[in-house]
Amino acid sequence: MKVRKKPVVVEAHQWWCNGDHPEDGVSTGQEFLEGAIVRRYRHPDVDGNERCSTCGELMHDHGWIDTLEGGHTVCPGDFIITGVQGERYPCKPDIFWRTYEQVSNDG
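Residue indices begin from 1 for each chain and proceed along its sequence in written order. Selection of residues for local features in this predicted model requires a pLDDT of at least 70, selection of side-chain atom pairs for listing and counting requires 80 or more, and totals for whole chains, interfaces and linings are taken over all residues. In computing side-chain values, all of the structure's heavy atoms are included and hydrogens and water are not.

Participant: Would you explain the sheet that holds strand β6 (residues 70–74) in this entry?
Facilitator: Within a sheet, adjacent strands bond to each other through the backbone by hydrogen bonds, running parallel or antiparallel. Whether two strands pair comes down to DSSP finding at least two bridges between them. For helices the rule is a DSSP run of H or I covering at least 4 residues; for strands it is a run of E covering at least 2, with both sets numbered from the N terminus onward. Across the sheet, three strands lie side by side as β4-β5-β6; this open sheet has antiparallel pairing. Two strands lie at the open edges of the sheet, namely β4 (39–40) and β6, each paired on one side alone.

Put into structure tokens, the structure is as follows:
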């Protein structure tokens, strides 16, 4: 069986660094406090100075987001999508642009 995904308009914000998501809060001068949506990347077994196997950037420059499937790493440039039930998840730019197209701000 072949099916087509129903057209649904979702919110998406491209993330580059802590504080990029509009719901993450505010910065205090040069440093950004912990985000509400995309938090600072932390992993007990991964040094923040290691390079990401996906994008090659330092892990220190990544974010972390809780999703319905568990936590996920957010690489700089990933899109944060808010789904139809308010769930949030990261999406790689190449997949994002193959899956979504921009619509006007009024819907």
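Back to the write-up after that little detour.
Participant: Hey, could you run me through the environment of F96 in this one?
Facilitator: Relative to the helices and strands, F96 is located in helix α1 (residues 93–99). Relative accessible area serves as the criterion here: at 6%, F96 is assigned to the buried category. Setting aside residues no more than four positions away along its own chain, F96 makes contact with A12, F79, I81 and C91. Each residue is placed in one exposure class: buried if its accessible area under a 1.4 Å probe, protein chains only, is under 20% of its type's maximum, exposed if it is over 50%, and partly exposed if it falls in between. Contact definition: two residues touch when any of their heavy atoms are within 4.5 Å.

Participant: Explain the packing of aromatic side chains here, please?
Facilitator: For any pair of aromatic rings, geometry is given as the distance between the ring centres together with the angle between the planes. Ring pairs shown here join Phe, Tyr and Trp side chains whose ring centres sit within 6.5 Å, with only the six-membered ring taken for Trp; geometry is labelled stacked below 30 degrees between planes, edge-to-face above 60, and tilted in between. Under the counting rule described, the total for this entry stands at five aromatic pairs. Ring plane angle 65 degrees and centroid distance 6.1 Å describe the contact between Y41 and W64, whose orientation is recorded as edge-to-face. Taken together, the residues Y41 in the loop between β4 and β5 (63–67) and W64 in strand β5 connect sequence positions 23 residues apart. Aromatic rings pair up to connect F79, F96, W97 and Y100 into one cluster.

Participant: When you look at the pairing of β6 in this model, what are you seeing that I'm missing?
Facilitator: Within a regular strand, the side chains alternate between the two sheet faces. Both β5 and β6 contribute to a ladder of five bridges, which runs antiparallel. From the neighbouring strand, W64 faces β6, where its bridge partner is T73. Hairpin connection from β5 to β6: two residues lie between these consecutive antiparallel strands.

Participant: Could you clarify how one ought to interpret the nonpolar core in this entry?
Facilitator: One recurring pattern in soluble globular proteins: nonpolar side chains tend to sit buried together. Core analysis: the largest hydrophobic core is formed by six residues, namely W15, I37, V38, I65, V74 and I80. Dropping the residues within four chain positions of it, I65 is found in contact with I37, V38, G70, G71, H72, V74, I80, R88, Y89 and P90. Residues belong to a common nonpolar core when they are buried Ala, Val, Leu, Ile, Met, Phe, Trp, Tyr or Cys residues joined through side-chain atoms within 4.5 Å.

Participant: Whenever I open this one, the environment of P90 confuses me. Can you help?
Facilitator: Relative to the helices and strands, P90 resides in strand β8 (residues 88–91). Along the backbone, P90 and E69 are 21 residues apart, and their C-alpha atoms lie at a distance of 12 Å. Residues contacting P90, with those up to four places away along its chain left out, are I65, T67, H72, T73, V74, D78, F79 and I80.

Participant: Would you explain the side chain of D78 in this entry?
Facilitator: With respect to the helices, strands and loops of the structure, D78 is situated in the loop between β6 and β7 (79–82). In the analysis that follows, any N or O atom pair within 3.5 Å is treated as a polar contact, provided that within protein one partner can donate a hydrogen and the other can accept it, and provided that, for residues neighboring in sequence, both atoms belong to side chains. From its side chain, D78 meets the backbone nitrogen of C75 in a polar contact 2.9 Å long. One polar contact links D78 to K92, side chain to side chain, over a distance of 2.9 Å. The residues touching D78, leaving out its near neighbours within four places in the chain, are H13, Q14, W15, T73, P90, C91, K92 and P93.

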